[in-house]
Amino acid sequence: MQERLERRSFIFTLLLVTIAFGFLLKPFFTAIFWACAVALIFHPLYRYLLKRFPKWPNLTALATLLLCIVVVVIPVLLVASSFISEVANLYQKVQSGEINLGAKVEQIRAAFPGINAALERIGMDFDGIKERLLGGLMTAGSLIAKNALALGQNTLNFFVSLGLMLYLTFFLIRDGNSLIALLIRALPLGDEREKLLLAKFAEVTRATIKGNLVVAVTQGTLGGLIFWVLDLPAPLLWGVVMTVLSLLPAVGAAIIWFPAGLYLYATGDAVKATVLMVYGVLVISLVDNILRPILVGRDTKLPDYIVLFSTVGGLLMFGISGFAIGPLLAALFMAFWEIFMREFISGNEPLVPSRLDSPLRDSPEDAGPAASADSSDSQS
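Keep in mind the model is a prediction, meaning the values are calculated, not measured.

Parameters at a glance
Residues numbered from 1 in each chain as written. Predicted model: local features only at pLDDT ≥ 70, side-chain atom pairs only at ≥ 80, totals over all residues. Heavy atoms only, no water. Helix = DSSP H or I, 4+ residues; strand = E, 2+ residues; numbered from the N terminus. Buried < 20%, exposed > 50% of the residue type's maximum accessible area, 1.4 Å probe, protein only. Contact = heavy atoms within 4.5 Å. Areas by Shrake-Rupley, 256 points an atom, 1.4 Å probe, with all protein chains shown as cover. pLDDT = per-residue confidence, 0-100. Axes fitted to C-alpha atoms, helices over the stretch in contact; angles between N-to-C directions. Parallel < 35°, antiparallel > 145°, perpendicular 65-115°, else oblique. Left-handed = near helix turned anticlockwise from the far one by under 90°. Nonpolar A, V, L, I, M, F, W, Y, C, P; charged D, E, K, R; others polar. Salt bridge = Lys/Arg side-chain N within 4 Å of Asp/Glu carboxyl O. Core = buried A, V, L, I, M, F, W, Y, C linked by side-chain atoms within 4.5 Å. Phe/Tyr/Trp six-rings, centres within 6.5 Å; stacked < 30°, edge-to-face > 60°. Lys NZ or Arg CZ within 6 Å of the ring centre and 35° of its normal. Polar contact = N/O pair within 3.5 Å; in protein donor to acceptor, adjacent residues only side chain to side chain.

Participant: Would you mind going over the overall build of the protein chain with me for this structure?
Facilitator: Assigned secondary structure in the protein chain consists of 14 helices and zero strands. Reading the secondary structure of the protein chain in the N-to-C direction produces α-α-α-α-α-α-α-α-α-α-α-α-α-α. Here the protein chain holds 380 residues, and the buried ones make up 35% of them. The contacts of the protein chain with a sequence gap of at least 6 include a subset with a gap of at least 24, amounting to 69%. Surface summary for the protein chain: the accessible area is close to 22,400 Å², and the carbon and sulfur share equals 69%.

Here you go:
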């Protein structure tokens, strides 16, 4: 009786301490998630270097991290700073009246007189829509400008979070296999289930981040390039906006280039408008239709509609990080239910492929000496 009470008391205290520690780490959730994601993506490079320099795990992990900074972090910071500068300048021009949004909307109405009649047939008023649209654009511009100002004022906090993420990434790259073995040992879900779920976490994280980012950056770059070729205003700004919007499957960058084409038709620039529309349909949209199913849907093994809803829901709940967190939660949800149906309804034993022994490697021989040592330690 005493022993049972002690065990229950210990488990209860363990849960309390774990929950308290979770709340303690809550401010750093984004940094921790991205550290895990970056470590997963760059771990194959670490394995490659470790094979050639097996006695220098610290230096190979540091070299991997430095390459990540050069390839990912620095370009993102440069583009982000340019984007913030262009947004602030554009918002100031709108505020000062140098850019008259109302006049541009009226140009569209004058160029497409059938809009009024079509809206009236469905019980809508163009002037009311115009006011709401302009109000929404001004609110969005004000919000972006204020956030840009806040980002400038909180630069120290941003770089502290970035530094913590990179610091944690180093240890996750170097000690990833041993941490996975420790996690499998600690979780009470059953080793085979844990290996399956952790492998699914790694698979979906790699697929969504690499796939979505490749698609988004490709579409944003192509969109910004055509804006620059056609001499449209703020090509960098709209290229970055199209990159962000491209994280949404199905619609994405068309939210920008399609209205821009209509505006060019409204202002009488039919040649540029036609070029932009044709380019948007045949080039920008084709990138989404070809690359996204290959890079995201196929690797995550999620249906397209699940990818769409989980991505949008993730963006609404978690902000920009939600494009990766949403599909990840969807994949784990489906993996849990798959295990439940297989083991508790069908009564079959879990079938876990041997390649899932570690989420950080494809096969034992690819892991290098450090991983082999981790594996032998976990077995002992």
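From this point, things continue past the structure.
Participant: Just to check I follow, could you spell out the confidence of the model for the protein chain for this structure?
Facilitator: Low pLDDT marks stretches whose predicted atomic positions should not be read closely. The predicted model of the protein chain has a mean per-residue pLDDT of 76, with 71% of residues at 70 or higher. Averaged pLDDT values for the elements of the protein chain fall to 42 in helix H14 (residues 368-379) and rise to 88 in helix H2 (residues 29-52). Segment residues 350-357: pLDDT under 50, and 12 contacts once partners within four positions in sequence are set aside and those in other chains are kept.

Participant: What should I look at first to understand the packing of H2 against helix H13 (residues 322-345) in this one?
Facilitator: Angle between the axes and distance between the axes: these two values describe a pair of packed helices. Interhelical geometry of H2 versus H13 gives an angle of 75 degrees and a closest axis separation of 11 Å. Comparing their axes, H13 and H2 come out roughly perpendicular. Where H2 approaches H13, its residues Phe 29, Phe 33 and Trp 34 are matched on the opposing element by Phe 323, Ala 324, Ile 325 and Leu 328.

Participant: Explain the packing of helix H8 (residues 191-229) against helix H9 (residues 235-245) here, please?
Facilitator: H9 packs onto H8 with a crossing angle of 155 degrees between their chain directions and a minimal axis gap of 7 Å. Taken together, the axis directions place H8 and H9 in an arrangement best described as roughly antiparallel. Of the two elements, H8 crosses H9, and the hand of that crossing is right-handed. The segment H8 lies against H9, with Ala 216, Val 217, Gly 220, Thr 221, Gly 223, Gly 224, Phe 227 and Trp 228 engaging Pro 235, Trp 238, Gly 239, Met 242 and Thr 243. Taken together, the residues of the contact of H8 with H9 sort by class into seven nonpolar, six polar and no charged.

Participant: Help me out: how do you make sense of the pattern of salt bridges in this one?
Facilitator: In a structure, side chains of opposite charge can pair up when their charged atoms sit close to one another. Counting across every chain of the model gives three salt bridges. Between Asp 175 and Arg 174 there is a salt bridge whose closest N-O contact spans 2.9 Å. The class of Asp 175 is partly exposed, set by a relative accessible area of 21%.

Participant: Got a minute to help me understand the nonpolar core in this structure?
Facilitator: A general tendency of soluble globular proteins is for nonpolar side chains to be buried together. Ranked by internal contacts, the top residues of the largest apolar core, which has 30 residues, are Phe 33, Trp 34, Met 165 and Leu 166. Secondary-structure elements contributing two or more residues to this core are H2, helix H3 (57-96), helix H7 (155-186), H8 and H13. Looking at this core, the element that brings in the most residues is H2, giving eight residues. Leaving out residues up to four positions away in the same chain, Trp 34 has contacts with Met 165, Ile 209, Ser 321 and Phe 323. Leu 230, Val 241, Ala 253 and Met 277 belong to the second largest nonpolar core, which has 21 residues in total.

Participant: Help me understand the packing of aromatic side chains, please; the structure alone is not making it clear to me.
Facilitator: When we look at a pair of aromatic rings, we describe it by the centre distance and by the angle of the planes. Applying the stated criterion across every chain, the model contains seven aromatic pairs. Ring centres 6.2 Å apart and planes at 80 degrees place the aromatic pair Trp 257 and Phe 258 in the edge-to-face group. Between Trp 337 and Phe 340, the ring centres sit 5.4 Å apart and the planes meet at 80 degrees, which makes this aromatic pair edge-to-face. Here the residue Trp 337 and the residue Phe 340 both occupy positions in helix H13, the gap between them amounting to three residues, near one helical turn. Judged by its relative accessible area of 44%, Trp 337 is partly exposed. Residue placement shows Arg 52 over the ring face of Tyr 48; its charged tip is 3.8 Å from the ring centre.

Participant: Just checking my understanding: could you explain the environment of Ala 324 for this structure?
Facilitator: The topology assignment puts Ala 324 in helix H13. On the basis of relative accessible area, Ala 324 is assigned to the buried category, the value being 1%. Along the chain, Ala 324 and Thr 311 lie 13 residues apart, while their C-alpha atoms are 7.3 Å from each other. Those residues in contact with Ala 324 that lie beyond four places of it in its chain are Phe 33, Thr 208 and Ile 209.

Participant: Please clarify how the side chain of Ser 310 should be interpreted in this entry.
Facilitator: Position of Ser 310 among the secondary structure elements: in helix H12 (residues 304-318). Assessed through its relative accessible area of 12%, Ser 310 is described here as buried. Reaching out from Ser 310, the side chain makes a polar contact with the backbone oxygen of Ile 306 at a distance of 2.6 Å. Ignoring any residue separated from it by four or fewer positions in sequence, one finds Ser 310 in contact with Gly 322, Gly 326, Pro 327 and Ala 330.

Participant: Even after reading the chapter, I still don't get unusual backbone geometry, so can you show me in this structure?
Facilitator: Trans peptide bonds make up the majority, and among non-glycine residues the majority have a negative phi. Of note in the backbone geometry, Asp 231 takes a positive phi value of approximately 60 degrees without being a glycine. Residue placement: Asp 231 occurs in the loop between H8 and H9. According to the relative accessible area criterion, Asp 231 is exposed, its value standing at 63%.

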